[in-house]
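What follows is the residue order along each chain.
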Number of protein chains: 2
Amino acid sequence: MTTQPSLDVCLTPELLSLFDLRGRVAVVVDILRATSSMVTALAAGVTHIVPLSELEECRTYAAQGYLTAAERDGRQAAGFDLGNSPFGYLDEAAPVRGRAVAITTTNGTRALQLSLSADAVVVGAFLNLQAVAAFARQQQKDVVVVCAGWKGNFNLEDTLFAGALAELLAPDFDITSSDATLAAYQLWLQAKPDLATYLLQSAHVRRLNSLEANKDMDFCVRLNEYDLVPIWRDGRIVVN
Amino acid sequence: MTTQPSLDVCLTPELLSLFDLRGRVAVVVDILRATSSMVTALAAGVTHIVPLSELEECRTYAAQGYLTAAERDGRQAAGFDLGNSPFGYLDEAAPVRGRAVAITTTNGTRALQLSLSADAVVVGAFLNLQAVAAFARQQQKDVVVVCAGWKGNFNLEDTLFAGALAELLAPDFDITSSDATLAAYQLWLQAKPDLATYLLQSAHVRRLNSLEANKDMDFCVRLNEYDLVPIWRDGRIVVN
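Residues numbered from 1 in each chain as written. Chains lettered and ligands numbered in written order. Predicted model: local features only at pLDDT ≥ 70, side-chain atom pairs only at ≥ 80, totals over all residues. Heavy atoms only, no water.

Draft legend 1. Here's a closer look at the overall build of chain A. Across its full length, chain A holds nine helices and ten strands. Relative to the 2.2 N^0.38 estimate, which gives 18 Å for 240 residues, the radius of gyration of chain A is 17 Å and therefore close to what a compact globule would have. Projected onto its principal axes, the C-alpha coordinates of chain A cover approximately 55 × 40 × 30 Å. Within chain A, buried positions represent 60% of all 240 residues. For chain A, contacts bridging at least 24 residues in sequence account for 76% of all contacts bridging at least 6. Accessible area for chain A stands at about 9,300 Å²; split by element, carbon and sulfur atoms hold 47% of it. The distance from the centre of the 19 positive side-chain charges to the centre of the 27 negative ones in chain A is 3 Å. (Helix = DSSP H or I, 4+ residues; strand = E, 2+ residues; numbered from the N terminus. Rg over C-alpha atoms; globule rule 2.2 N^0.38 Å. Buried < 20%, exposed > 50% of the residue type's maximum accessible area, 1.4 Å probe, protein only. Contact = heavy atoms within 4.5 Å. Areas by Shrake-Rupley, 256 points an atom, 1.4 Å probe, with all protein chains shown as cover. Lys, Arg positive; Asp, Glu negative; His and termini not counted. Charge placed at Lys NZ, Arg CZ, Asp CG, Glu CD.)

Shown next, in the form of structure tokens:
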């Protein structure tokens with residue numbers, strides 16, 4: 001008999017129908033790069049983020065004073081202020097403090113919107129790993145990590161985040177009742193000593209391969225750069 | 001530029017819509033225990049196997065002289081000759097040589113039936129790993145390992161089989177373009193030194209935990225016990 005809450009991992013949004021998120025905490029993760037960028041944006045002083053599915057809808061937010069950010073297939077979409085790089089929020093020449101951001105991405109926005117039946121939907125990244133773990137411990141509810149994946153399929157970097165969270169929560173959560181959690185945890189133990197090099201194996205990472213993307217990846221695998229938890233509230237992502 | 005065929009892994013049948021199996025070889029795997037039992041049955045002299053979705057349909061085959069095998073939620077269903085244990089085909093007191101078998105299982109049959117758009121659909125297990133690898137090399141086509149999973153979700157043992165196949169095919173196939181293949185391969189490298197112990201972590205294995213199930217598992221993780229490849233042909237699984 002265990003009374004510990006459980007940590008489960010939904011490896012791609014395509015599998016969300018197998019999970020009942022009601023009464024649970026959903027941790028949505030899209031390491032490369034949507035959730036890493038959201039964490040960075042809020043840390044840089046963005047007031048809130050509106051995640052959207054469609055480019056056109058996202059574009060309309062410019063008239064309301066929003067910065068607009070859009071990525072399709074790993075590239076910044078034409079006619080938007082920002083792409084999907086976290087460095088877009090760290091440019092001193094174009095400060096974002098006090099601004100709101102409307103964002104649309106290939107995989108991350110979809111994972112968020114499919115997770116809204118959860119009691120709480122928070123945004124996870126390596127950049128705020130410890131903060132997410134602390135939030136999960138406080139909630140004392142079952143947690144499901146929702147990996148954004150790549151076009152519906154499994155990806156390595158989001159799964160590794162789930163494994164890293166499993167390691168941190170292992171003392172307080174049941175991480176052994178789900179094979180997905182176990183696999184994520186085992187992969188994380190392999191990757192942990194040199195996460196950036198491990199991820200260079202990844203198909204997605206090689207797909208993004210370019211000078212800018214490598215700089216982004218080096219940043220997105222930093223652990224605990226920011227001590228904040230973005231949370232979904234009334235259609236916006238804000239700092240909890 | 002690579003001209004090698006690729007090895008991809010579909011981690012659960014729920015993700016099959018993301019794969020185009022046409023022109024490819026599908027290797028369907030349900031280690032515990034459907035595909036392990038199918039390999040064992042054919043090795044024991046069963047003439048052919050008819051995989052079916054429904055218990056009732058399976059039962060009707062008894063009138064045509066078939067042995068009937070049925071499993072639901074890991075247990076033998078009432079009123080059938082056999083369950084899902086490979087040992088059902090190894091009982092000298094009840095020889096199966098020359099008999100045909102109609103079989104229905106929770107996950108394995110579904111994975112098979114969803115894979116029929118492939119150029120060839122073969123049945124994989126640790127028991128015939130080398131034989132499947134040899135078949136794949138001969139075909140010189142892209143291969144997709146279709147993991148049966150557990151009620152639509154990821155499981156460890158089928159993924160480990162995919163990783164073992166990736167190791168064998170690595171010299172001749174591209175195993176790095178798919179994150180699922182990479183993860184399966186890495187997990188296999190961890191598990192390989194002691195597969196049975198590694199699988200004792202698995203939720204599914206513990207779900208099956210019982211004297212009979214442990215005996216089955218010890219058998220199902222044996223490598224290359226049988227040198228044959230079951231293949232789908234006209235609604236039947238036969239030895240290739």
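Draft legend 2. Structural context of the relation of the copies chain B and chain A. Superposition record for chain B on chain A: RMSD 0.0 Å, screw rotation 180 degrees, translation along axis 0.0 Å. The superposition of one copy onto the other is thereby described by a two-fold rotation axis. The position closest to the rotation axis in chain B is occupied by the C-alpha of B:L187, lying 3.4 Å away. When the interface residues of chain B are mapped onto chain A, 100% of them again lie at the interface, so the same face is used by both copies. (Least-squares fit on C-alpha atoms with pLDDT ≥ 70 in both.)

Draft legend 3. Quick look at the side chain of B:T68. Topologically, B:T68 is positioned in strand β4 (residues 67-72). If near-sequence neighbours (up to four positions away) are discounted, B:T68 is found in contact with B:C58, B:R59, B:Y61, B:A62, B:F80, B:D81, B:L82 and B:A102.

Draft legend 4. Up close: the packing of helix α5 (residues 156-169) of chain A against helix α6 (residues 179-191) of chain A. Residue and element names in this part refer to chain A. Where α5 contacts α6, the two axes come as close as 7 Å, and the packing angle between them is 95 degrees. Taken together, the axes of α5 and α6 lie roughly perpendicular to each other. For the pair α5 and α6, contact is made by L156, T159, L160, A162, G163, A164, A166 and E167 and by T181, A184, Y185, L187, W188, L189 and A191, respectively. Residue composition of the contact of α5 with α6, by class: eleven nonpolar, three polar and one charged. (Axes fitted to C-alpha atoms, helices over the stretch in contact; angles between N-to-C directions. Parallel < 35°, antiparallel > 145°, perpendicular 65-115°, else oblique. Nonpolar A, V, L, I, M, F, W, Y, C, P; charged D, E, K, R; others polar.)

Draft legend 5. Focus on the environment of B:V25. All names here are of chain B. Turning to its location among the elements, V25 is positioned in strand β2 (residues 25-29). The sequence separation of V25 and E56 amounts to 31 residues, and the corresponding C-alpha distance is 30 Å. With residues near it in sequence (within four places) discarded, V25 still touches A120, V122, F135, Q139, K141, D142, V143 and V144.

Draft legend 6. Broad picture of the interface of chain B and chain A. Opposite the 29 residues of chain B that make contact, chain A presents 29 residues. Across the chain B/chain A interface, buried area totals approximately 2,300 Å², and carbon plus sulfur atoms make up 57% of it. Broken down residue by residue, the surface that chain B buries against chain A is led by B:F154, B:D179 and B:Q186, which jointly contribute 23%. Taken together, chain B and chain A are joined by zero salt bridges. The interface formed by chain B and chain A includes six residue pairs in polar contact (both at pLDDT 80 or more). Looking at the side of chain B that touches chain A, the elements that each hand over two or more residues are α5 (156-169), α6 (179-191) and α8 (203-207) of chain B. Its residues placed into classes, the side of chain B that touches chain A shows twelve nonpolar, twelve polar and five charged. (Buried area = accessible area lost by both parts, 1.4 Å probe. Salt bridge = Lys/Arg side-chain N within 4 Å of Asp/Glu carboxyl O. Polar contact = N/O pair within 3.5 Å; in protein donor to acceptor, adjacent residues only side chain to side chain.)

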